[in-house]
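Reading the structure
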Amino acid sequence: MASNQRENERREKQNQKRRKKQLTIWIIIAVIIAAMAIMKIAEIDFRGLFDSVKNPSAISDRVSDDRQFPYAISAGENTVLEAMGNKIAILNDSTYTVINASNAKERIKDEHGYANPVLSVSGGYSVMIDQGSDTYRLDSSTENIYENSVKGEILCADVSDTGVVAIAYVSGVHKSTVAVYGKSLNERMSYEASGGYITSVAIDDRSRRVAFTVTSSEGAKIKSTLYTMDIGDNEPTAKFEYLGSSVLNIHFSSNDLYVVGNDFLSVINSMKNEKSVYAKGSINTVAYCYSPSDDLIIAYGEYVGSPSNIISCVKPTGSIRAEANVQAQIKDVAASGNAMTALTGSEIISFKQKNGKESERIPVDDSYVEIEQMSSKIFGIHSSLLEIVSD
């Protein structure tokens, strides 16, 4: 009798489970039917929906808001952000990722395997080098185009809006070669520089001109020699020497070239005419970036360790468009089409590029390490997350 009772109880439990499963299935079916009816009315593509069952991120690709943020950055150190068209490139010492700025959908996510990765971005292309090795790679905003190697240890590289790469590598004792390669890896130029090593290189958007800096020493002082050169020429167009100063970055805007030094700022017009914006020794550069229209945003102090900094917008002609005082040390800068933004230890502050007037001030803590600005959105790296700080 007792065994029959236990058997009946067991069967009743099984029946309850079966009914619960059936109810769940019918609820799911009802939800799907309702969703399909709504989407039919809205004329939404069903195939895209069912693709998303196999690939859940396909739904997020259709999302136009920022509901996918904050985005968890893959584990790694030395994380940097770069705007890449309407996407964001994220590089650290383990992973290279490209995501949509609208919804954080991953377009590229690779464990690059580079010991010392350095990234340069232009338009919808990026070049990543393994500095000190012979390997580099070219990517679009959605896929890897190629990975290649050169004949020496890579020093630096740059990429144009058309995916043409300029790369500098060691080619002998106190010698470096700057070479230019098309997307099909055809060599467009090769020039060997002597007297030091190339520490910065730039290629213009149309892949017609290059510039590079050779660093050496003279009289116990550092010496930076900048060369400008048309691709296809046998010799440089002009050279400029900076004794006692380091060139941190060079960047083309059409036929003009920014020269960002550790203690000066110049612009080279027409490849051979230098205009001094901030004289040698007059500033201490702390951060810089370029706006979508190729204006330079530079933050500097009057001296090393200055408690307050200035953020400045400089046009490719060398004229200063606007300046703003920041009563704090600036950690990073970013820019949109009409705003320039500074990150300090306690705030993110935006200014109008046209007149330097403050437009937004956002309190943050000191753990924010880098910012990027795209249109009205300001992104920030906070711990291991990429957040939208302001939209």
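Residues numbered from 1 in each chain as written. Predicted model: local features only at pLDDT ≥ 70, side-chain atom pairs only at ≥ 80, totals over all residues. Heavy atoms only, no water.

1. A short note on the sheet that holds strand β1 (residues 71-72)
To be explicit about the condition: DSSP bridges decide pairing: two strands pair if at least two such bridges lie between them. What counts as a helix is a DSSP run of H or I of at least four residues, what counts as a strand is a run of E of at least two, and both are numbered from the N terminus.
The sheet built from four strands is open, its strands ordered β1-β32-β31-β30 with antiparallel pairing. Strands with a single pairing partner mark the edges of an open sheet, and in this sheet they are β1 and β30 (368-374).

2. Brief notes about unusual backbone geometry
Following F69, the chain continues into P70 via a peptide bond in cis, with omega recorded as 5°. Mapped onto the secondary structure, P70 falls in the loop between α3 (57-60) and β1. Although it is not a glycine, L185 sits at a positive phi angle of roughly 70°. Here L185 is to be found in the loop between β12 (175-181) and β13 (187-194).

3. A closer look at the environment of C156
Keep this limit in mind: Contact criterion: two residues are considered in contact whenever any of their non-hydrogen atoms come within 4.5 Å of each other.
Relative to the assigned elements, C156 resides in strand β10 (residues 154-159). Apart from residues no more than four positions distant in its own chain, C156 is found in contact with I129, A166, I167, A168, I198, T199, S200 and V201.

4. Brief notes about the pattern of salt bridges
Quick note on the threshold: Salt bridge, as used here: a side-chain nitrogen of Lys or Arg that lies within 4 Å of a carboxyl oxygen of Asp or Glu. Any residue under 20% of the maximum accessible area for its type is buried, any over 50% is exposed, and the rest in between are partly exposed; the area is computed with a 1.4 Å probe on protein chains only.
Within this structure, the stated rule accounts for 11 salt bridges. When the shortest N-O distance is used, the salt bridge between E218 and K223 registers 3.0 Å. Given the relative accessible area of 40%, E218 is considered partly exposed. Exposure remark for K223: the relative accessible area of 14% places this residue in the buried category. Here R361 and E358 are joined by a salt bridge, their closest N and O atoms 2.7 Å apart. When its relative accessible area of 42% is taken as the criterion, R361 is described as partly exposed. Accessibility expressed as a relative area gives 41% for E358, which makes it partly exposed.

5. Details of the sheet that holds strand β25 (residues 320-326)
Test applied: For helices, the axis comes from a line fit to the C-alpha atoms of the stretch in contact; other axes are also lines fit to C-alpha atoms, and the angle between any two N-to-C directions lies between 0 and 180 degrees.
With respect to topology, four strands assemble into an open sheet ordered β22-β23-β24-β25, the strand pairing being antiparallel. Single-partner strands in this sheet number two, and they are β22 (284-290) and β25. For this sheet, the mean inter-axis angle between neighbouring strands, taken without regard to orientation, is 20°.

6. A closer look at the packing of aromatic side chains
Quick note on the threshold: Note on aromatic pairs: the rings of Phe, Tyr and Trp (six-membered ring only in Trp) are paired at centre separations within 6.5 Å, and the planes decide the class, stacked below 30 degrees, edge-to-face beyond 60, tilted for the rest.
Scanning the model with the defined rule gives seven aromatic pairs in all. A centroid spacing of 4.6 Å and a plane angle of 20° characterise the contact between Y242 and F264, whose relative ring orientation is stacked. One end of the pair, Y242, is in strand β17 (residues 238-243); the other, F264, is in the loop between β19 (256-261) and β20 (265-269), and 22 residues separate them in sequence. The burial state of Y242 is the same as that of F264; both residues are buried. Ring pairing ties together the aromatic residues Y191, F212 and Y227, which thus form one cluster.

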